[in-house]
Amino acid sequence: QVQLVESGGGLVQPGGSLRLSCAASGSIFSIYGMDWYRQAPGKERELVADITSGGSTNYADSVKGRFTISRDNAKNTVYLQMNSLKPEDTAVYYCNARVRMFNLEVGDYWGQGTQVTVSS
């Protein structure tokens, strides 16, 4: 099996920064795309940013120019650097990874989520 563990959430003032991390572990042969999603109270989960194994990135319009996704393939870890945070960025942030395991099965795995609260 595969486990994803997120860290780095917390309370920050508007205009501040946070860096989220998500480390994958388990029976991993390779990892394809890695993504960050978020879900605010009363809203649907939305894609924030994604990154391919080759490093190509894609961002939601609401975070372009403020958030940066990156990954360390040697550590099976994806990061989300969040700058110029706004109250509307408040949500639970989840990472997702598409993983090929040693038995060659491919599956999508989710982390447990980390709370980000932007408030003065």
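Residues numbered from 1 in each chain as written. Predicted model: local features only at pLDDT ≥ 70, side-chain atom pairs only at ≥ 80, totals over all residues. Heavy atoms only, no water.

**Quick word on the packing of aromatic side chains**
At step 1: The tally for this structure, following the rule as stated, stands at two aromatic pairs.
At step 2: Ring geometry for phenylalanine 29 against phenylalanine 102: centres 6.2 Å apart, planes inclined by 75 degrees, an arrangement best described as edge-to-face. Separated by 73 residues along the polypeptide, phenylalanine 29 in strand β4 (residues 28–39) and phenylalanine 102 in the loop between β9 (91–101) and β10 (106–110) bring together distant segments of the chain.
At step 3: The residue whose ring lies beneath arginine 45 is tryptophan 110, and the NZ or CZ to ring-centre distance is 4.8 Å. (Phe/Tyr/Trp six-rings, centres within 6.5 Å; stacked < 30°, edge-to-face > 60°. Helix = DSSP H or I, 4+ residues; strand = E, 2+ residues; numbered from the N terminus. Lys NZ or Arg CZ within 6 Å of the ring centre and 35° of its normal.)

**What to know about the sheet that holds strand β1 (residues 2–7)**
At step 1: Read across the open sheet, the four strands follow the order β1-β3-β8-β7; overall the sheet is antiparallel. Here the strands that pair on one side only, and so sit at the sheet edges, are β1 and β7 (67–72). Averaged over all pairs of adjacent strands, the angle between strand axes in this sheet comes to 15 degrees, irrespective of strand direction.
At step 2: Across six bridges, β1 lies against strand β3 (residues 18–26) in antiparallel orientation. Looking at the pairing, serine 7 lines up with serine 21 of β3. (Pairing = 2+ DSSP bridges. Axes fitted to C-alpha atoms, helices over the stretch in contact; angles between N-to-C directions.)

**Some thoughts on the nonpolar core**
At step 1: Counting 33 residues, the largest nonpolar core has Trp36, Leu80, Met82 and Tyr93 as the members making the most contacts within it.
At step 2: At the level of elements, β1, β3, β4, β5 (46–51), β7, β8 (77–82), β9 and β11 (114–118) are the ones that each hand at least two residues to this core.
At step 3: A total of six residues in this core trace back to one element, the largest contributor, which is β9.
At step 4: Setting aside residues no more than four positions away along its own chain, leucine 80 makes contact with Leu18, Arg19, Leu20, Trp36, Val48, Ala49, Phe67, Thr68, Ile69 and Tyr93. (Core = buried A, V, L, I, M, F, W, Y, C linked by side-chain atoms within 4.5 Å. Buried < 20%, exposed > 50% of the residue type's maximum accessible area, 1.4 Å probe, protein only. Contact = heavy atoms within 4.5 Å.)

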